[in-house]
Amino acid sequence: MPLSQRTTLTQFLIEQRRRHPSASGDFNALVLDVALACKAIARSVAFGALGGVLGAQAGSINVQGEEQKKLDVISNQLFVSANEWGGHLAGMASEEMDEPYNIPSIYPRGKYLLVFDPLDGSSNIDVNVSVGSIFSILRAPQDVIDSGRDVTAADFLQPGCQQLAAGYALYGPSTMLVLSVGTGVHGFTLDPNLGEFFLSHPDIRVPEETQEFAINASNSRFWELPVKRYVDECLAGKTGPRGKDFNMRWIASMVAEAHRILMRGGVFLYPRDMRDPTKPGRLRLLYEANPVGFLMEQAGGRASTGREPILHVQPTSLHQRIGLVFGSKSEVERIERYHREPTPIKDDNPLFGERSLFRD
Ligand code: AHG
Ligand code: MN
Ligand code: MN
């Protein structure tokens, strides 16, 4: 397509802003700074072994107790340095930083909070499989904006429905930025020659119907009964209660799974399980579940803990983990229903079969 007919990310944001004549432009500038960080991470990822960026960061464990990869640390630094100087942020929080990051005093402070997982799926780095970055933009509490004081973890503990914007970058065969500023979900592909994101996937909608699910089945012995039931029914295929065969995928990068689901439907589960009662789920609420939840809802899909919409959860700590189910609306609603209903103990129990008392 000729350049004159393409829409850059900048142009897209300016056109969105025209709908809000009172907007200062700070928000757009912030999104562009985030996009710059993602472009820089895309370059680092692309050099792979030649860039000396593979492998673990010697002796470095993050607040989750997980070993940091070199690229986790590099990506975090790129996010911080692209976003700290612009005057748009009151503070940042990241998977890779134990405490909230305060904007250094040499820079002005602004009214937004940026929360991010700088590199998602980092176990994929060393095997050259897709990774991503995922972020959420919140408004800082009014007293932070008025006083310019340092931020605390409490300032970030806002339910996901209060997000102003969310998005992710996917570093796959091509680099994409998928974004919602509350007006649907739009995908941009990086033109590697120009170093510019161009609108390639306007108004993405999650397909309603699906025959594909994603879950790490090595955890099945720890799953709760409603999840076991859902997966068993998918696996039963055509001759089971669902009456159709299902396909399965597991990339081990939530960003890449979210992208597949936005493109062709499906459902993703990393549910709360019984492995370790101190860790209710694997994924983190503020910088994984909430932004993906915002994107799914904006694209006509759904995101849930299994028990309540993810965007309604009141966070209690910065690095809180949570059970997460997202994707095609009807599948997520079905999983929520299974959490509400008594669950079959055995597949062959007639009470819970196709025409049981407990079915709609
Ligand atoms: P991160 O690399 O940021 O720690 O996140 C990885 C997450 C998520 O992206 C993925 O869905 C999940 O962990 C994979 O977990 P398993 O290794 O348990 O499958
Ligand atoms: Mn992650
Ligand atoms: Mn990460």
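Look up a bit, the structure's there.
Residues numbered from 1 in each chain as written. Chains lettered and ligands numbered in written order. Predicted model: local features only at pLDDT ≥ 70, side-chain atom pairs only at ≥ 80, totals over all residues. Heavy atoms only, no water.

**Overview of the sheet that holds strand E13 (residues 267-270)**
Overall, mixed pairing links the five strands, which are arranged E12-E11-E13-E17-E15 in an open sheet. The sheet is open, and its two edges are formed by strand E12 (247-248) and strand E15 (302-304), each paired on a single side. Pairing analysis gives two bridges linking strand E11 (residues 212-214) to E12, with the strands arranged parallel. When the sheet's bridge partners are listed, Phe213 is paired in E12 with Met248. Seen against the sheet, helix H8 (residues 285-298) touches E15 and strand E17 (324-327) and runs at an angle of roughly 25° to E17. (Pairing = 2+ DSSP bridges. Helix = DSSP H or I, 4+ residues; strand = E, 2+ residues; numbered from the N terminus. Contact = heavy atoms within 4.5 Å. Axes fitted to C-alpha atoms, helices over the stretch in contact; angles between N-to-C directions.)

**Quick notes on the site of ligand 1**
By nearness alone, 18 residues border ligand 1, and Asp120, Ser122, Asn216, Met254 and Tyr270 come closest of all. A distance of 3.3 Å is found between an oxygen atom of ligand 1 and a backbone nitrogen or oxygen belonging to Leu119. Protein chains bury 88% of the 470 Å² of accessible surface belonging to ligand 1 in isolation. Among the elements of the structure, strand E5 (112-120), E13 and strand E14 (283-284) are those that each provide at least two residues to the shell around ligand 1. Sort the elements by how many residues they give to the shell around ligand 1 and E5 lands first, with three residues. For the shell around ligand 1, the class distribution of residues is seven nonpolar, four polar and seven charged. Among the domains, domain 1 (3-201) and domain 2 (212-340) are the pair contributing at least three residues each to the shell around ligand 1. (Near = heavy atom within 4 Å. Polar contact = N/O pair within 3.5 Å; in protein donor to acceptor, adjacent residues only side chain to side chain. Areas by Shrake-Rupley, 256 points an atom, 1.4 Å probe, with all protein chains shown as cover. Nonpolar A, V, L, I, M, F, W, Y, C, P; charged D, E, K, R; others polar. Domains from an automatic or database assignment.)

**Describing the packing of aromatic side chains**
Given two aromatic rings, one states the distance between the centres and the angle between the planes to describe the pair. Following the criterion strictly, the structure yields eight aromatic pairs and no others. Consider the rings of Phe12 and Phe188, whose centres lie 5.1 Å apart with planes at 75°: the pair is edge-to-face. Of the two residues, Phe12 sits in helix H1 (residues 9-17) while Phe188 sits in strand E9 (residues 186-191), which places them 176 residues apart along the sequence. Exposure class is identical for Phe12 and Phe188. Each is buried. For the ring pair Trp250 and Phe268, a centre distance of 5.4 Å and an interplane angle of 20° mean the geometry is stacked. Of this pair, Trp250 sits in the loop between E12 and helix H7 (254-264) while Phe268 sits in strand E13, and the two are 18 residues apart along the sequence. (Phe/Tyr/Trp six-rings, centres within 6.5 Å; stacked < 30°, edge-to-face > 60°. Buried < 20%, exposed > 50% of the residue type's maximum accessible area, 1.4 Å probe, protein only.)

**Looking at unusual backbone geometry**
Phi is positive for Asp203, close to 50°, though the residue is something other than glycine. The residue Asp203 is located in the loop between strand E10 (196-201) and E11 in this model.

**A few points about the nonpolar core**
Most often, soluble globular proteins have nonpolar side chains that are buried together. Ranked by size, the top nonpolar core spans 37 residues in total, and within it Phe79, Leu114, Phe135, Ile137 and Leu177 carry the most contacts. With nine residues, helix H2 (residues 26-47) is the single largest residue contributor to this core. Counting residues in each nonpolar core, the second largest holds 31 residues, with Leu170, Ala258, Ile261 and Met296 among its members. (Core = buried A, V, L, I, M, F, W, Y, C linked by side-chain atoms within 4.5 Å.)

**A look at H1**
Turning to H1, its buried residues are Leu9, Phe12, Leu13 and Gln16. Across the axial projection of H1, the buried residues extend over an arc of 95°, all falling on one side. Buried-residue contacts for H1 involve H2, strand E8 (175-180), E9 and E10. (Arc of directions from axis to C-beta.)

**Some remarks on the side chain of Arg260**
By secondary structure assignment, the location of Arg260 is in helix H7. For Arg260, a relative accessible area of 11% translates into the label buried. If we ignore the near neighbours within four places in the chain, the residues touching Arg260 are Glu212, Ala214, Arg249, Ile251 and Gly265.

By themselves these figures say nothing about function.
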